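# Tertiary structure, described
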Amino acid sequence: MAFTLDEFHQCIFDLYEQSKKLHDRWQLIETTKGSYLIYSFIDTNCLKYEFHIVFSESYSVPVLYFNISHLDGSLLSLDDIWKLFIHKKNSNMYETITQQEHPILHRPFFVLHPCHTENLLRKVAEQSIKKRFLFWLSIYGQSIGLPLSVNYAID
């Protein structure tokens, strides 16, 4: 169940608006190159997490890009990322988390590869686009430490 670009924009706008009501951290970024959401926080190990939800035109699905850095700004390596999430390993990490250029910012980011996203979304094909988006975000986000309040699922 692919998304159209318009559906993606509606989903990120809705999430952003709900985030404001919940006093959460999502930021909506709108540029001439595209729109995306950002969520960032610092964990108890003094690592800064930054997540971006971007639309993949190739796969027609949302994609989760992220970087994790030390407070001095130095980024974790791909090996460090794999070690950080090894406890959540249920598939080949080399196929799941890769590093590539952010499609809007043109900087290196880690990404949860979108090749299986459409198959995941088929499981909730009968649901509204908003619920499919939240289902995707809750599955993919929790796998890499993105906190998502259950309040987003409440209509």
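First, a word on scope: everything that follows refers to the structure included in this document.

Cut-offs and rules
Residues numbered from 1 in each chain as written. Predicted model: local features only at pLDDT ≥ 70, side-chain atom pairs only at ≥ 80, totals over all residues. Heavy atoms only, no water. Salt bridge = Lys/Arg side-chain N within 4 Å of Asp/Glu carboxyl O. Helix = DSSP H or I, 4+ residues; strand = E, 2+ residues; numbered from the N terminus. Buried < 20%, exposed > 50% of the residue type's maximum accessible area, 1.4 Å probe, protein only. 1 Å grid on protein atoms, 1.4 Å probe; cavity = no way out; pocket = protein on both sides within 12 Å on 5 of 7 lines; lining within 4 Å. Points joined across faces, edges and corners; volume = space filled by probe spheres on them. Nonpolar A, V, L, I, M, F, W, Y, C, P; charged D, E, K, R; others polar. Core = buried A, V, L, I, M, F, W, Y, C linked by side-chain atoms within 4.5 Å.

## Focus: the pattern of salt bridges
With the rule as written, the count across this model stands at 2 salt bridges. For lysine 20, the salt bridge goes to glutamate 17, with nearest N and O atoms at 3.2 Å. Note that lysine 20 and glutamate 17 are positioned in helix H1 (residues 5-22) at a spacing of 3 residues, about one turn of the helix. Of the charged contacts, one joins lysine 48 and glutamate 50 as a salt bridge, the two residues approaching to 4.0 Å between their closest N and O atoms. Accessibility expressed as a relative area gives 34% for lysine 48, which makes it partly exposed.

## Side note on the layout of surface pockets
Each pocket or cavity is described by its volume, and for the second largest pocket that value is around 180 Å³. Together, Leu5, Phe8, His9, Lys33, Gly34, Ser35, Val54, Phe55, Glu57, Pro103 and Ile104 line the second largest pocket. Mapped by element, the contributors of at least two residues to the lining of the second largest pocket are H1, strand E2 (34-42) and strand E3 (47-56). With 3 residues, the top contributor of residues to the lining of the second largest pocket is H1. Classifying every residue of the lining of the second largest pocket by side-chain character gives 6 nonpolar, 3 polar and 2 charged.

## Some points on the nonpolar core
Counting residues in hydrophobic clusters, the biggest one holds 36 residues, and the most contacted among them are Ile53 and Phe133. Going through the elements one at a time, H1, E2, E3, strand E4 (61-70), helix H2 (78-84), strand E6 (108-112), helix H4 (117-122) and helix H5 (129-143) are the ones with two or more residues in this core. Of all hydrophobic cores here, the second largest spans 8 residues; its members include Tyr36, Val54, Tyr65 and Phe109.

## Here's the deal with empty space enclosed by the protein
Using the criterion set out here, one finds 1 cavity of 30 Å³ or more in the structure. Quantified by volume, the largest cavity comes out at close to 40 Å³. Every residue along the wall of the largest cavity is listed here: Cys11, Asp14, Leu15, Gln18, Lys130, Phe133 and Leu134. For the lining of the largest cavity, the secondary structure elements donating two or more residues are H1 and H5. Top element by residues in the lining of the largest cavity is H1. It accounts for 4 residues. Among the residues making up the lining of the largest cavity, the classes are represented as 4 nonpolar, 1 polar and 2 charged.

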